[in-house]
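Report on the structure
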Amino acid sequence: MRVLVTGGSGFLGAWIMRRLLARGIDCVAFDLHAKPQLLAALAPERAATVQWRSGDIAQAADVANALQGCDAVIHLAGILTPDCAANPVRGAQINLLGTLNVFEAARAAGLPRVLYASSAGVFGPADGATPFPQTHYGAFKLACEGSARAYWNDHGIASVGFRPLVVYGAGRETGSSAGPSLACRAAARNERYTMPFSGSTGFVFADDVAAAYEAALLRDIEGAHAFTLAGQIASVTEVIDTLATLVPGSRIDASGAPLPIATDFPRDPELERLLPGLPRTSLEEGLRQTVAFYRNATVAVQ
């Protein structure tokens, strides 16, 4: 199997390709620019086997060319909340039209399904069951979910989108919710850092998200699905206290409003039925692994 990973230079793309490469699956990474540093750090024995293809996700021809010779696609390319807020039109071109380009390329190539990145940003701050986005980013992601259902209804292309909350781990160094990863990096380097939000949210270890994509890739799934990956609901104070235990003397604090996303999510029996046994790394263990990565890192990963 050969899998196209759009947004391959990004943090989550590297974690997913690490898992796929370990299974012997060929990976093609698509992005504006090839940035293999994080993948090389996570999978040093196999990273060189990845083929890199450059292009713009907002350009249909670039996406179609990237998908040539591939049997499956995991679509991660996009820009995050701050960039969508700063330029909503460009945000829509990348996050929404880019997703439509992927589905159209998959349809032309005869692929039976698309795996893609949605976001818990589709929810508002009060309700983790009914989508009610408060940001352009969340609105675009919700529109992608609707389009995915339309592609199933109109063309029989199945899909799975994942809505993770705050994903953390080695290499998550950009975006409004990168605070936990940056706090781990600062603790490992004995630097001071202020997390830019407070309150409670769901913290999801990067490898757990990667495992979800891996499981969905390897299953025959029908329909159009969007699954929330809430991780462990905890307060920012718990993150800081856990880091203080892992790294005595760490200088981490927090300032700012809570993230505008709900913290109470109903159990989803359909996720458990379709993808049983997904890993759930504890916050303490995920932070421990992230700190260890940054202690051992010899080169910048972004």
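Each value, and the rule that gives it
Residues numbered from 1 in each chain as written. Predicted model: local features only at pLDDT ≥ 70, side-chain atom pairs only at ≥ 80, totals over all residues. Heavy atoms only, no water. Helix = DSSP H or I, 4+ residues; strand = E, 2+ residues; numbered from the N terminus. Buried < 20%, exposed > 50% of the residue type's maximum accessible area, 1.4 Å probe, protein only. Contact = heavy atoms within 4.5 Å. UniProt positions renumbered as here; feature names shortened; annotations may be inferred. Pairing = 2+ DSSP bridges. Axes fitted to C-alpha atoms, helices over the stretch in contact; angles between N-to-C directions. 1 Å grid on protein atoms, 1.4 Å probe; cavity = no way out; pocket = protein on both sides within 12 Å on 5 of 7 lines; lining within 4 Å. Points joined across faces, edges and corners; volume = space filled by probe spheres on them. Nonpolar A, V, L, I, M, F, W, Y, C, P; charged D, E, K, R; others polar. Core = buried A, V, L, I, M, F, W, Y, C linked by side-chain atoms within 4.5 Å.

Considerations on the environment of Ile-252
For Ile-252, the position within the fold is in strand S12 (residues 251-254). Residue classification places Ile-252 among the buried residues on the basis of a relative accessible area of 10%. Setting aside chain neighbours within four positions, we find Ile-252 in contact with Ala-183, Ala-186, Ala-187, Glu-191, Tyr-193, Met-195, Ile-240 and Leu-243.

Here we look at the UniProt feature "domain: NAD-dependent epimerase/dehydratase" (unreviewed entry) in the protein
Those places that UniProt annotates as "domain: NAD-dependent epimerase/dehydratase" (unreviewed entry) correspond, in this numbering, to residues 3-219. Strand forms 20% of residues 3-219 and helix 44%; the C-alpha atoms that close the span are 14 Å apart.

Comments concerning the sheet that holds strand S4 (residues 72-75)
Pairing is parallel in the open sheet, where seven strands are placed in the order S3-S2-S1-S4-S5-S6-S10. Looking at which strands have only one partner, the edges of the open sheet turn out to be strand S3 (51-54) and strand S10 (224-229). When strand polarity is set aside, the average angle formed by the axes of neighbouring strands in this sheet is 20°. With four bridges joining them, strand S2 (residues 26-31) and S3 adopt parallel strand pairing. In the sheet register, Val-28 faces S3, and the bridge partner there is Gln-51. Across the face of the sheet, helix H3 (residues 60-67) comes into contact with strand S1 (2-6), S2, S3 and S4 while running at roughly 165° to S2.

Notes on the layout of surface pockets
For the largest pocket, the calculated volume is near 1400 Å³. Lining of the largest pocket is provided by 48 residues; of these, Leu-76, Gly-78, Ile-79, Leu-80 and Thr-174 occupy positions nearest its centre. Elements supplying a minimum of two residues to the lining of the largest pocket: helix H1 (11-22), S2, helix H4 (81-86), helix H5 (88-109), helix H6 (136-155) and strand S7 (166-168). Its residues assigned to classes, the lining of the largest pocket shows 21 nonpolar, 19 polar and eight charged. Of the voids in this model, the second largest pocket is the one considered here, and its volume is about 650 Å³. Looking at the second largest pocket, it is lined by 31 residues, and the ones nearest its centre are Thr-228, Leu-229, Ala-230, Leu-271 and Arg-280. Those elements giving two or more residues to the lining of the second largest pocket turn out to be strand S9 (200-205), helix H8 (206-217), S10 and helix H10 (269-274). The element that contributes the greatest number of residues to the lining of the second largest pocket is S10, accounting for four residues. Per-class residue counts for the lining of the second largest pocket are 18 nonpolar, seven polar and six charged.

Some remarks on the nonpolar core
Core analysis: the largest hydrophobic core is formed by 76 residues, its most contacted members being Phe-162, Met-195 and Tyr-213. Beyond its immediate stretch of four places on either side in the chain, Tyr-213 contacts Leu-12, Ile-16, Ile-74, Leu-76, Leu-115, Tyr-116, Ala-117 and Phe-162. Core analysis: the next-biggest nonpolar cluster, separate from the first, contains 26 residues, Val-63, Phe-103, Ala-105 and Ala-106 among them.

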